[in-house]
Amino acid sequence: MAIEELHPGQQGLRIAPDLYNRWRETIRLKDDGTHRRGQDDIVISVRSFYYDLHTWAADEPERWAAWVAPCPVPPGEFHGLGRRRRKENERTADRTRQRQPLLPILVEHVEFRYDQTRLLLERADQAADG
């Protein structure tokens with residue numbers, strides 16, 4: 001959900017802490033109502049955007065200074081980020097371990113379909129010539 005939906009008439013990029021907290025609650029769930037695992041990535045993108053604006057304003061103040069605002073993401077927002085990322089990596093590695101035994105079956109199927117398609121194409125080329 002966009003900030004504008006939570007606070008119609010929002011002017012500029014200066015976001016009040018209570019508005020930020022309401023927005024933060026809205027990104028906890030996906031549109032289908034399931035829990036969102038990638039919340040940190042969204043918040044990191046927001047923080048990066050604000051810090052990018054600060055950098056750009058230092059280089060080109062005439063263009064970007066009007067957009068500079070304090071970053072609404074509090075400093076402690078990423079407490080436990082390393083642990084959450086390790087857990088996500090563990091889940092990914094676990095999925096890989098679960099699916100690895102199926103790899104030979106997948107390769108065999110793909111090679112079989114490739115051979116079938118190649119043979120069909122060769123026969124179609126011969127039929128077109130004759």
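Residues numbered from 1 in each chain as written. Predicted model: local features only at pLDDT ≥ 70, side-chain atom pairs only at ≥ 80, totals over all residues. Heavy atoms only, no water.

Time to look at the overall build of the protein. Counting its secondary structure elements, the protein contains six helices and zero strands. Tracing the protein from N to C terminus, the helices and strands come up as α-α-α-α-α-α. Its C-alpha atoms give the protein a radius of gyration of 25 Å, more than 25% over the compact-globule value 14 Å for 130 residues. Counting over 130 residues, the protein shows a buried share of 18%. Surface exposure of the protein reaches about 10,400 Å², of which carbon and sulfur atoms provide 55%. (Helix = DSSP H or I, 4+ residues; strand = E, 2+ residues; numbered from the N terminus. Rg over C-alpha atoms; globule rule 2.2 N^0.38 Å. Buried < 20%, exposed > 50% of the residue type's maximum accessible area, 1.4 Å probe, protein only. Areas by Shrake-Rupley, 256 points an atom, 1.4 Å probe, with all protein chains shown as cover.)

When the terminal C-alpha atoms of helix α3 (residues 39-59) are compared, their 31 Å separation across 21 residues agrees well with the 30 Å that a helix rising 1.5 Å per residue should span. Along α3, the residues that are buried comprise Q39, D40, V43, I44, Y50, L53 and A57. Turning to α3, the residues buried within the fold contact α2 (17-26), α4 (61-64) and α5 (81-99). (Expected span 1.5 Å × (residues − 1). Contact = heavy atoms within 4.5 Å.)

Next up on the list: the packing of aromatic side chains. Evaluated as defined, the whole model comprises three aromatic pairs. Considering the side-chain rings of Y20 and W23, the 5.8 Å spacing of their centres and the 40° angle between planes classify their relative orientation as tilted. Taken together, the positions of Y20 and W23, both in helix α2 and three residues apart, correspond to about one turn of that helix. (Phe/Tyr/Trp six-rings, centres within 6.5 Å; stacked < 30°, edge-to-face > 60°.)

With that settled, consider the nonpolar core. Counting 15 residues, the largest nonpolar core has I15, Y20, W23, V43, V73 and F78 as its most contacted members. Counting only elements with at least two residues in this core, the list comes to α1 (3-6), α2 and α3. (Core = buried A, V, L, I, M, F, W, Y, C linked by side-chain atoms within 4.5 Å.)

Examined against the element boundaries, R24 turns out to sit in helix α2. Only 2.4 Å separates the side chain of R24 from the side chain of E77, close enough to count as a polar contact. With near-sequence residues (within four places) excluded, R24 lies in contact with Q39, D40, V43 and E77. (Polar contact = N/O pair within 3.5 Å; in protein donor to acceptor, adjacent residues only side chain to side chain.)

Now for the packing of α2 against α3. Here α2 crosses α3 at 145°, and the two axes come no closer than 11 Å. Here the hand of the crossing between α2 and α3 comes out right-handed. For the pair α2 and α3, contact is made by Y20, W23 and R24 and by Q39, D40, I42, V43 and V46, respectively. (Axes fitted to C-alpha atoms, helices over the stretch in contact; angles between N-to-C directions. Left-handed = near helix turned anticlockwise from the far one by under 90°.)

Together, L103, L106, V107 and V110 give the surface a local cluster of nonpolar side chains, amounting to about 340 Å² of exposed area. Look at L103 and you get partly exposed, because its relative accessible area is 46%. (Patch = residues over 30% accessible without salt bridge, like charges linked within 9 Å, V, L, I, M, F, W, Y side chains within 5 Å. Salt bridge = Lys/Arg side-chain N within 4 Å of Asp/Glu carboxyl O.)

The analysis is restricted to geometry; functional conclusions fall outside its scope.
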